[in-house]
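Spelled out from the first residue to the last, the chains are:
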Protein chains: 2
Amino acid sequence: MLHEPSGDSYGSKFTPLVVVELASDTKEEAIAWLLDRIRDKQQNGGAELLVEQLSPGVVASEKENPNMFLVGASWQRLLSGAEDVGLFKEFSDGSMRGFTCATKNSFKDFKGDDFLSMAECQYIIKHELDTLRAKDETHVPGYTHAKLYPGKSIVRRLQSKGILVQIFPLHEKEELKRLSFSWYKKIKLSLQPLDDIRHYYGEGLALYFGFLEYFTFALVPMALIGVPYYLFDWEDYDKYVVFAAFNLVWCTVILEVWKRNSASLAYGWGTLSRKKAFEEPRPGFHGVLGFNPVTGREEPLYPNAKRQLRIYLVSLPFVLLCLYLSLYVMMIYFQMEGWALSIHDENPTFWTDILLFIPSIIYAVVIEVMNLIYRYAAEFLTEWENHRLESSYQNHLVLKVLVFNFVNCFASLFYIAFVMQDMMLLRQSLATLLITSQILNQFMEAFLPYWLQRRRNKKMIRRVQKRKLLEDKELPLANQVRLEADMSTYLGTFDDYLELFLLFGYVSLFSCVYPLAAVLVVLNNITEVYSDAFKMCRVFKRPFSDPASNIGVWQLALEAMSVIAIVTNCALIGMSPQAKAYFPESDTQLILWIAAVEHGLLALKFILTFLIPDVPKHIQIKLSRLEFESLEALKKKDMTNGTKQGNKQHHGSVTPPHRA
Amino acid sequence: MLHEPSGDSYGSKFTPLVVVELASDTKEEAIAWLLDRIRDKQQNGGAELLVEQLSPGVVASEKENPNMFLVGASWQRLLSGAEDVGLFKEFSDGSMRGFTCATKNSFKDFKGDDFLSMAECQYIIKHELDTLRAKDETHVPGYTHAKLYPGKSIVRRLQSKGILVQIFPLHEKEELKRLSFSWYKKIKLSLQPLDDIRHYYGEGLALYFGFLEYFTFALVPMALIGVPYYLFDWEDYDKYVVFAAFNLVWCTVILEVWKRNSASLAYGWGTLSRKKAFEEPRPGFHGVLGFNPVTGREEPLYPNAKRQLRIYLVSLPFVLLCLYLSLYVMMIYFQMEGWALSIHDENPTFWTDILLFIPSIIYAVVIEVMNLIYRYAAEFLTEWENHRLESSYQNHLVLKVLVFNFVNCFASLFYIAFVMQDMMLLRQSLATLLITSQILNQFMEAFLPYWLQRRRNKKMIRRVQKRKLLEDKELPLANQVRLEADMSTYLGTFDDYLELFLLFGYVSLFSCVYPLAAVLVVLNNITEVYSDAFKMCRVFKRPFSDPASNIGVWQLALEAMSVIAIVTNCALIGMSPQAKAYFPESDTQLILWIAAVEHGLLALKFILTFLIPDVPKHIQIKLSRLEFESLEALKKKDMTNGTKQGNKQHHGSVTPPHRA
């Protein structure tokens, strides 16, 4: 990469890594103070990073923000930063170990060009900026309302006061070109270059794409079974028992296997055993200044009881209201459906045939719109709940959004399946919902932002070309940076995972009545890989990498869905004519049997979850070997210390007590 | 305690702590070698402990084993041992921290007499003996068949070859007298002295008694509700719905609260955040010599596939066969029951009235006998499965025993409740089973061993008194040690927890039909505290303390029981006349409703388990403060190192980067 080990001294060569954009009307004294704090030595409480102001673009228009700063760091500083963030790297013996400056030469490829990837360097710089803390300043110079207190993260305060507009890492044109070629531009089908994705975007995003790929492959058997079902039993809704039983096993097994896969990936990337850094309060968190009982630092405190009140007295009722509204809309949909059917029955023509699909399509669109609106409301509410930690904020947001989306998307299907018991309608609704929402999603997610970005892009190139005749279309750095600054911000994997969660739901809950669902989802996933890859490479600003070791709360959400799937599939089996044929005399017997089987399956699922280790054996062995070695090393150190201080019985050669 | 900080130098004063008993025919060379290894310096791979041979008793009979050795250690050695085992002690700031010799003076009461309790010293000595490893010896001197290889634990080899008969810690008469007085001898009711118990017996046993006490208190509300039910609704089996609903909530809540209680106890005792030491293979483990992939040490390896074959092809069928047998015995019991009933119906007299109870009592006794026999079979089988680790052995044993005991004890009750649907008989069976098993247990557990011990005890005292006229009944040390060596060995808390598990089952599963069950269990638990305390103090050898941080696999077992209890209680509610009265027209509706409610309750239980934090807030804060401090300390250290090696920009005073 950029930072050769030769650039060992400070300020040798400046490579811009991260862009800091301040508001265009920021006061000079605040800028000077901030740059000084960023450049200051670590001993003085600075971040010891390199900063340069971005020169004006080739076409310096008046609208251009002059307060853009490029941040970089010396090689030495990046290494010490890598130790700060607890980066894991491959050791000379092939194991993954936490990097330390003291042991740097024992790491594999340390002397190579590519020891720290650009994404890692950018992550380190972000970490160092985030943990740049106020000393004795009471406020940001020039802004008396932007209060500071010792230990407060300066960047977070600047962000919450709107002085700092954004921080983002720069793209690297050459690497991006290579990555996008191997990812989505070549024609022949192949696996995604997960390691390259991780190298460029970090572990969090690579895990998302890894899961997307895994999920697609996991769906292939379902799709393969689904196709003949669809081809040969076109109108036979009764044969779904086998499919439902297959569904049951499938959804438990794939989640367990994914957990192991994800652990393998995370181990290889060095995030599996990496310790989480101490979590700082989120930028938006506010409260009365007090002392944090854990760190002893002064920071805003917000009573937990108050937050609980907000959650249970405002957020919970609001969510329930939204759920009620969603169910109300569903009932309207059923009325429309009935109305369309009555028109069709009165006078069936080609147009009334099409009319039959209209309510479903309208409902599918309405669902998407409601999901979108609710999403904003949920974000607002969760922000207002004033969570101290980003992780707690995320969990509350995910919970709110998941519950609503689940009800909004699946309530009508459950109603049709279990109240109306109309398998024909269920099939039709499922197909319409699935296809409509896929088309809408792909459009909203990739093509619309791409089109907007393209317009902006062209405008910029045109403007540059107007003044200066460039042979190639390469933009100078200043313009490139400004162009990237204008790109949309990728808001994280939340929406992408949510989409996969809903698709997982469609397949695992109801695909037995519409076996083609798996096929549709496979097709959707393949286009999803391309459109997501495309949007990451071309539409969005480069995101900071996120050292994730698993897919986090989504694993839990998918597990919950698979439990619901077991219950649903058992109920669907119980309603099938075949099951009823076994107990011709009484429904009671049938229901009791189904309930017993369902309980058995649930128990089996939990036992399986318990029995199958989350981390594959060979990785477990590697992890315990590391742990053992560090224990032994500690013992040996103690032993030497102990004999040195304890008593005066030194021997010439200190033999270790047992063979290590 | 014994070890005053003044005894700082080696070999100052010998206090016997642990007894090592070798077989009476052990060869002299083996003894000499072993003592040498134990006494040898740590640098030479020895244990650096003090050993003395026990002098013959006052009445040296021929039967007496001469090869009894008393093991002690210098104060300095105990401290370094405390660091080896990772003991947590109270720090000067009130937090619990891992003890290290380097920081010893910062620990609270370090200068006091009682810094290490006798139980802790004994645990340390056991640890040091267990980790005493062979160097270049190929076998135990004098025993060519007792193979050794570098790194093999000497004590484990001696144990597995029968050369070492037992290792046990000595009782401390004075402390024991004080403890037993505050524990079970004083008349007024009070809480158990858990801290003293922990001090004398270690954390594992103290947690058992803590759980026993907690469980008893948790049962009090059930008992209070149960008594009026029993008094006023004597023959009214229909009013149990409220009780069943109460049961549902109760069994979930008490387990969650216990988890928090147990975390509080474990935090106070310093075992909560203590890291598990690296687990050594169990003494009985055998296999082909190879290299452990984790430690790289030479040790026996046994292929996992072979073990799995033994488990699934032998153990599993055997367990299933036992379950079948148990169900077969149950059917015989029902035949006897029917036969007794028919005799009673033919000619009802006082004697046939009593005859009605006979089958239940016989069945209860048979159940206990079967449990006992099965227990031995399970131990044999699990031993034969050749598990490498003690923890894995324990888990497999617990699983085997739990499944069988559950079926054996509860199958008949489930059969009566759900197949025969005879609530009258259920009530009677439950009462008989509960009372009989309680009486049997108390007898087998405490009174029988006590009676045996008392006989031995008296014989010894008589023998001593015959020769020497002792004014007081105090025995000299040598006789005391021999007396203790003859006492029964306490085999751990397994059986005690198993008993509580079954009692928990009786109460949570069926107490709604027999509300007096809770009362009976409360009474049983109170006597259980006394009899268990008594047997610990008077009947058994002192056990080595076990630094447990929770009740381990039993928490899981109780959770599983509470899930079964939810299902059972819902089913019992569904069978009640009140529930049936709500749906007079159809059973199907009723069953569907009950199933829906049950699923809701199960979901609620899992959500509660998820939402209620396992560790109370104030302890979480303390733990994260420690973690934060160690992180900060590490950073500061790195910072100093980094600036020292990285570049030459030293300042006179190194200011820490941010206020800690």
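Residues numbered from 1 in each chain as written. Chains lettered and ligands numbered in written order. Predicted model: local features only at pLDDT ≥ 70, side-chain atom pairs only at ≥ 80, totals over all residues. Heavy atoms only, no water.

Some thoughts on the pairing of strand 3 (residues 68–72) of chain A
Residues and elements named next belong to chain A.
Then comes step 1: Most of strand 3 is tucked away: five of the five residues are buried.
Then comes step 2: Relative to strand 3, strand 1 (residues 18–22) runs antiparallel, the two being bridged by four bridges. Residue pairing in the sheet places V18 in a bridge with V71 of strand 3.
Then comes step 3: Looking at chain direction, strand 2 (residues 50–53) and strand 3 are connected through four bridges and run antiparallel. What sits directly across from Q53, in strand 3, is F69. (Buried < 20%, exposed > 50% of the residue type's maximum accessible area, 1.4 Å probe, protein only. Helix = DSSP H or I, 4+ residues; strand = E, 2+ residues; numbered from the N terminus. Pairing = 2+ DSSP bridges.)

A word on the sheet that holds strand 2 of chain A
All names here are of chain A.
Then comes step 1: The strand order across the open sheet built from four strands is 2-3-1-8, with neighbouring strands paired in antiparallel fashion. At either margin of the open sheet sits one strand with a lone partner, and together these are strand 2 and strand 8 (164–169). Going from strand to strand, the sheet's axes swing by 20 degrees on average, the running direction of each strand aside.
Then comes step 2: Each of strand 1, strand 2 and strand 3 touches helix 1 (residues 28–39); the most contacted strand, strand 2, lies at about 150 degrees to it. (Axes fitted to C-alpha atoms, helices over the stretch in contact; angles between N-to-C directions. Contact = heavy atoms within 4.5 Å.)

What to know about a positive patch on the surface
Residue and element names in this part refer to chain A.
Then comes step 1: A contiguous patch of positive charge on the surface is contributed by K63, K173, K177, K185, R454, R455, K458, K459, R462 and R538.
Then comes step 2: Those elements giving two or more residues to the positive patch turn out to be helix 5 (173–185) and helix 13 (423–467).
Then comes step 3: Per element, the largest residue contribution to the positive patch is five residues, and it comes from helix 13.
Then comes step 4: Topologically, R462 is positioned in helix 13.
Then comes step 5: Accessibility expressed as a relative area gives 52% for R462, which makes it exposed. (Patch = residues over 30% accessible without salt bridge, like charges linked within 9 Å, V, L, I, M, F, W, Y side chains within 5 Å. Areas by Shrake-Rupley, 256 points an atom, 1.4 Å probe, with all protein chains shown as cover. Salt bridge = Lys/Arg side-chain N within 4 Å of Asp/Glu carboxyl O. Lys, Arg positive; Asp, Glu negative; His and termini not counted. Charge placed at Lys NZ, Arg CZ, Asp CG, Glu CD.)

Examining the domain arrangement of chain A
Residues and elements named next belong to chain A.
Then comes step 1: Looking at chain A, the domain boundaries give domain 1 (18–170) and domain 2 (178–302 + 386–615).
Then comes step 2: Each partner contributes to the interface: domain 1 provides 39 residues, whereas domain 2 provides 38 residues.
Then comes step 3: Each partner contributes to the roughly 3,400 Å² buried at the junction of domain 1 and domain 2, and carbon and sulfur atoms together form 60% of this total.
Then comes step 4: On inspection of domain 1 and its partner domain 2, the count reaches one salt bridge.
Then comes step 5: Across the salt bridge formed by R198 and E120, the nearest N and O atoms sit 3.3 Å from each other.
Then comes step 6: In this structure, the connection of domain 1 to domain 2 is made through seven residue pairs in polar contact (both at pLDDT 80 or more).
Then comes step 7: Taken together, the elements giving at least two residues each to the side of domain 1 that touches domain 2 come down to strand 1, strand 3, helix 3 (118–130), helix 4 (154–160) and strand 8.
Then comes step 8: With six residues, helix 3 is the largest single contributor of residues to the side of domain 1 that touches domain 2.
Then comes step 9: Residue composition of the side of domain 1 that touches domain 2, grouped by class: 21 nonpolar, eleven polar and seven charged. (Domains from an automatic or database assignment. Buried area = accessible area lost by both parts, 1.4 Å probe. Polar contact = N/O pair within 3.5 Å; in protein donor to acceptor, adjacent residues only side chain to side chain. Nonpolar A, V, L, I, M, F, W, Y, C, P; charged D, E, K, R; others polar.)

So, the UniProt feature "transmembrane region" (unreviewed entry) in chain A
Then comes step 1: As annotated in UniProt, the feature "transmembrane region" (unreviewed entry) corresponds to residues 205–228, 240–258, 311–334, 354–376, 397–418, 430–452, 500–523 and 590–612 of chain A in the numbering used here.
Then comes step 2: When the span residues 311–334 of chain A is considered, its composition is 100% helix and 0% strand, and the gap between its end C-alpha atoms is 33 Å. (UniProt positions renumbered as here; feature names shortened; annotations may be inferred.)

Re the environment of F628(A)
Then comes step 1: Looking at the secondary structure, you find F628(A) in helix 20 (residues 617–645).
Then comes step 2: For F628(A), a relative accessible area of 4% corresponds to the buried category.
Then comes step 3: Residues F628(A) and F291(A) lie 337 residues apart in sequence; the distance between their C-alpha atoms is 38 Å.
Then comes step 4: In this structure F628(A) touches F278(B), V294(B), T295(B) and R297(B), once residues within four positions along its chain are discounted.

Description of the packing of aromatic side chains
Then comes step 1: In the structure shown here, the tally under the stated rule is 67 aromatic pairs over all chains.
Then comes step 2: Relative to Y201(A), the ring of W183(A) has its centre 6.2 Å away and its plane inclined at 50 degrees; by these criteria the two rings are tilted. On the criterion of sequence distance, the pair formed by W183(A) in helix 5 and Y201(A) in helix 6 (residues 194–201) is long-range, its members being 18 residues apart. In this structure, W183(A) and Y201(A) share a single accessibility class: buried.
Then comes step 3: Ring plane angle 80 degrees and centroid distance 5.6 Å describe the contact between F494(B) and W554(B), whose orientation is recorded as edge-to-face. Placement of the pair is F494(B) in helix 15 (residues 494–510) and W554(B) in helix 17 (residues 553–575), with a sequence separation of 60 residues. (Phe/Tyr/Trp six-rings, centres within 6.5 Å; stacked < 30°, edge-to-face > 60°.)

Describing the packing of helix 9 (residues 304–346) of chain B against helix 12 (residues 390–420) of chain B
Residues and elements named next belong to chain B.
Then comes step 1: Contact pair helix 9 / helix 12: the axes reach a minimum separation of 10 Å and the direction vectors enclose 30 degrees. In terms of axis orientation, helix 9 runs roughly parallel to helix 12. The element helix 9 and its partner helix 12 pack so that their crossing is right-handed. In this structure, helix 9 contributes I311, S315, V319, C322, L323, S326, L327, M330, M331, Y333 and F334 to the contact, and helix 12 contributes H396, K400, V403, F404, V407, N408, A411, S412, Y415, I416 and M420.
Then comes step 2: Looking at the contact of helix 9 with helix 12 residue by residue, the class counts come to 16 nonpolar, five polar and one charged. (Parallel < 35°, antiparallel > 145°, perpendicular 65-115°, else oblique. Left-handed = near helix turned anticlockwise from the far one by under 90°.)

Quick notes on the state of the cysteines
In protein structure, a disulfide is the covalent linkage between the sulfur atoms of two cysteines.
Then comes step 1: One pass over the structure, following the stated rule, counts zero disulfides over all chains.
Then comes step 2: Unpaired in this structure, C101(B) has its nearest cysteine sulfur neighbour in C121(B), at a distance of 13 Å. (Disulfide = S-S within 2.5 Å.)

Points about the packing of helix 8 (residues 240–269) of chain B against helix 15 of chain B
All names here are of chain B.
Then comes step 1: The N-to-C vectors of helix 8 and helix 15 enclose an angle of 145 degrees; their axes lie 8 Å apart at closest approach. Contacts between helix 8 and helix 15 pair N247, W250, C251, I254 and L255 from the former with F504, V507 and S508 from the latter.
Then comes step 2: Tallied by class, residues from the contact of helix 8 with helix 15 come to six nonpolar, two polar and no charged.

Notes on the nonpolar core
Then comes step 1: Core analysis: the largest hydrophobic core is formed by 113 residues, its most contacted members being W183(B), Y201(B), W250(B) and W554(B).
Then comes step 2: Among the nonpolar cores identified, the runner-up in size contains 106 residues, and L207(A), W250(A), I254(A) and Y450(A) belong to it. (Core = buried A, V, L, I, M, F, W, Y, C linked by side-chain atoms within 4.5 Å.)

Quick look at the sheet that holds strand 1 (residues 18–22) of chain B
Two pairing modes exist for strands in a sheet, parallel and antiparallel, and in both the strands are linked by backbone hydrogen bonds.
Residues and elements named next belong to chain B.
Then comes step 1: Read from one edge of the open sheet, four strands run 2-3-1-8, paired in antiparallel fashion. Each end of this open sheet is capped by a strand with a single partner; those strands are strand 2 (50–53) and strand 8 (164–169). Put simply, the sheet's adjacent strands are angled 20 degrees from each other on average, direction ignored.
Then comes step 2: Two elements, strand 1 and strand 8, share five bridges in a ladder whose sense is antiparallel. Note that in strand 8 the partner of V19 across the bridge is F168.
Then comes step 3: Against the sheet, helix 1 (residues 28–39) touches strand 1, strand 2 and strand 3 (68–72), its axis set at about 150 degrees to strand 2.
Then comes step 4: Sitting on the sheet, helix 3 (residues 118–130) touches strand 1, strand 3 and strand 8, and the angle it makes with strand 1 is about 40 degrees.

Section: the side chain of R307(B)
All names here are of chain B.
Then comes step 1: Among the structural elements, R307 can be located in helix 9.
Then comes step 2: At 7.0 Å, E385 is the nearest oppositely charged side chain to R307, a buried residue that forms no salt bridge.
Then comes step 3: Every residue in contact with R307, bar those within four places of it in the chain, is listed here: F285, Y302, E385, N386, H387 and R388.

Looking at helix 14 (residues 477–486) of chain A
Then comes step 1: Burial analysis of helix 14 of chain A places eight of its ten residues in the buried class, which makes it a mostly covered element.
Then comes step 2: If you check which residues of helix 14 of chain A are buried, you get A478(A), N479(A), Q480(A), V481(A), R482(A), L483(A), E484(A) and A485(A).

Some words on the side chain of H127(A)
Then comes step 1: One can find H127(A) in helix 3.
Then comes step 2: Ignoring sequence-local partners within four residues, the contact set of H127(A) consists of D84(A) and V85(A).

Focus on helix 12 of chain B
All names here are of chain B.
Then comes step 1: Its 31 residues place the ends of helix 12 43 Å apart at the C-alpha level, agreeing with the 45 Å of an ideal helix rising 1.5 Å per residue.
Then comes step 2: The sharpest bend along helix 12 comes to roughly 45 degrees, located at F410.
Then comes step 3: Q421 occupies a position one or two residues after helix 12 and carries a positive phi of about 50 degrees. (Expected span 1.5 Å × (residues − 1). Bend = angle between axes of the 7 residues up to and from the residue.)

Topic: the environment of I332(A)
Then comes step 1: Along the chain, I332(A) turns up in helix 9 (residues 304–346).
Then comes step 2: Along the chain, I332(A) and N347(A) lie 15 residues apart, while their C-alpha atoms are 23 Å from each other.

Some details on the pattern of salt bridges
Residue and element names in this part refer to chain B.
Then comes step 1: Applying the stated criterion across every chain, the model contains 42 salt bridges over all chains.
Then comes step 2: Ionic pairing is found between E120 and K89, a salt bridge with its closest N-O pair at 3.0 Å. On the criterion of sequence distance, the pair formed by E120 in helix 3 and K89 in strand 4 (residues 88–90) is long-range, its members being 31 residues apart.
Then comes step 3: Look at K89 and you get buried, because its relative accessible area is 12%.
Then comes step 4: For R97, the salt bridge is made with E629, and the minimal N-O distance between the two is 2.8 Å. Of this pair, R97 sits in strand 5 (residues 96–98) while E629 sits in helix 20 (residues 617–646), and the two are 532 residues apart along the sequence.

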